[in-house]
Amino acid sequence: MVMCFASCEKEPGTTSVSSYSHKEEGYINAFGGQGYSLTTYSCAANYNSDNVLVTCDKPSWFEYTYEVSREATYINVRIDYHITESNETGESRDVTVLIQVGSGLQHKQTFTQPGFTEVIVSTPGALTQELADNELLYATSLKISGELNDKDLEIIKGLRKISTLDLTDAVIDDLPDEMFYQNETIRNIKLPKSITTIHPKTFALSSLEYVYIPSNVEIIEDGEINYNYNDEPLRYTGAFANSCLSTVEFAPDSKLRHVGSCAFAGAGKERSIDDYGDMYCEKLEIVFPASVETIGANVFRSNTHNGSYDDRFTNVSVSFEEQSRLKTVGSIGAYHLSFDAGNCTMIESFGYISVDTDSGSYVAMTLGTNVPPICGGVSGGDYLYVPKGCVGAYYEADGWKEFETIKEIGQE
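About the cut-offs
Residues numbered from 1 in each chain as written. Predicted model: local features only at pLDDT ≥ 70, side-chain atom pairs only at ≥ 80, totals over all residues. Heavy atoms only, no water. Phe/Tyr/Trp six-rings, centres within 6.5 Å; stacked < 30°, edge-to-face > 60°. Helix = DSSP H or I, 4+ residues; strand = E, 2+ residues; numbered from the N terminus. Buried < 20%, exposed > 50% of the residue type's maximum accessible area, 1.4 Å probe, protein only. Lys NZ or Arg CZ within 6 Å of the ring centre and 35° of its normal. Patch = residues over 30% accessible without salt bridge, like charges linked within 9 Å, V, L, I, M, F, W, Y side chains within 5 Å. Areas by Shrake-Rupley, 256 points an atom, 1.4 Å probe, with all protein chains shown as cover. Salt bridge = Lys/Arg side-chain N within 4 Å of Asp/Glu carboxyl O. Lys, Arg positive; Asp, Glu negative; His and termini not counted. Charge placed at Lys NZ, Arg CZ, Asp CG, Glu CD. Pairing = 2+ DSSP bridges. Axes fitted to C-alpha atoms, helices over the stretch in contact; angles between N-to-C directions.

**Student:** I tried to follow the packing of aromatic side chains on my own but got confused; where do I start?
**Tutor:** Think of a pair of aromatic rings as described by two things: how far the centres are apart, and how the planes are tilted against each other in angle. One pass over the structure, following the stated rule, counts 21 aromatic pairs. Between F180 and F203, the ring centres sit 5.2 Å apart and the planes meet at 0°, which makes this aromatic pair stacked. With F180 in the loop between β12 (170-171) and β13 (188-190) and F203 in the loop between β14 (197-198) and β15 (210-213), this pair connects stretches of sequence that are 23 residues apart. Each member of the pair, F180 as well as F203, is classed as buried. Ring geometry for F350 versus W400: centroids 5.2 Å apart, planes at 85°, classification edge-to-face. With F350 in strand β28 (residues 349-350) and W400 in the loop between α3 (391-396) and β34 (405-408), this residue pair connects regions lying 50 residues apart in the sequence. As far as the burial class goes, F350 and W400 line up, both buried. Across from the ring centre of Y36, 3.8 Å away, lies the NZ or CZ of R78, which sits over that ring. Sitting over the ring of Y181, K201 keeps its end group 4.6 Å from the ring centre.

**Student:** How should a negative patch on the surface be read in this particular structure?
**Tutor:** There is a patch of like negative charges on the surface, built from E147, D173, D174 and D177. Position of D177 among the secondary structure elements: in the loop between β12 and β13. By relative accessible area, which is 51% here, D177 ends up exposed.

**Student:** Before we go on, may I ask you to explain the pattern of salt bridges in this structure?
**Tutor:** Side chains bearing opposite charge may pair, as long as their charged atoms lie close to each other. For the coordinates displayed, the defined rule picks out eight salt bridges. Across the salt bridge formed by K143 and D169, the nearest N and O atoms sit 3.3 Å from each other. Here K143, found in strand β10 (residues 141-147), pairs with D169, found in the loop between β11 (164-166) and β12; they are 26 residues apart in sequence, far enough to count as distant. Each of the salt bridges in this network shares a partner with another, and the network as a whole consists of K143, D169 and K193.

**Student:** It is not clear to me how the sheet that holds strand β4 (residues 52-56) should be interpreted in this structure. Could you clarify?
**Tutor:** In a beta sheet, neighbouring strands pair by backbone hydrogen bonds and run either parallel or antiparallel. Sheet architecture is open: three strands sit in the order β4-β7-β8, paired in antiparallel fashion. At either margin of the open sheet sits one strand with a lone partner, and together these are β4 and β8 (105-113). Taken over all neighbouring pairs, the strand axes of this sheet differ in orientation by 20° on average, direction set aside. Strand direction decides the pairing type here: strand β7 (residues 93-101) and β8, joined by nine bridges, are antiparallel. Along β8, the bridge assignment pairs D94 with T112.

This is the structure:
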């Protein structure tokens, strides 16, 4: 959106701002979360960029900071915000931020957090009736609680208007295979506390941006490489493959042990397309719980089709909680990959480590193991950071010695 102003009052010795454009990133969902808003103002070269003030009516659930930067004849105002609370009121709620540029231009930015309505299923199989009775068949945000059967799950699968779904207190044994496969409306979900496994393709090729994984989930099952992808536009069949995922949140007491092969391959939010039709994903950031012991192969791999379909180049930042029990990592790679295993002191083996393309790719890794783990090979590794006193051992170790630069953790 671009709005132009015919005239604005001038600051002493300056020329005032004449126009602005607004771009909002991140997400504002009923569960809360982080994001940012960027507003760019056009002005003359002598404009004082310090004379920008951002204020807010600031309810308790909206926290923010802001930065002002200058680039040529443009002023950028970035607002980083944190929605601290779930909105369980059933109604949306707003907060307004006021950007004051000099004394002549004011811009109000309204942030809206949708609410969700809870539906309690009193008897398995009664979800349709509950939704109909409450006029919620076309709701966009719902919390569904109670014991559900296969009929109820089919109804949920068919809710094609739904974007935010809280299944925390839904009692089921399992989510069906491909439950949200190719779903174009789902953006935010909290999974049921009762499930222990997430299957391949559950959220593949969906619009999902945020997922909350409860403590009882122990396994994200292994996906596969689909060698017949000319008939199906999904090369990797992992649980979240080719979704728009940008945020993964784990319960504090997570029991997750295994992250399956191809689980997040091709995942990333807000894809940008270059002149060749390739899609470059925004960053997917994951902090794995300390309970994770094994990570399968190609978990973060870019989804490249060698020209058969639009390629997706991933940008992934991976880290681990303190006292990590990680022991085994399969072959890994991405277009951009930051793999921080500085909290992992028990790793025994890695698969092949590579980048997905020769142009613009980047792989940086940090390891907390004093003894170099077994490594299946390295191709295109940029930076490797290792514990103090261990640089020499890694430079002599098969695979790891192929990194261009090896430094101690903390070194620039």
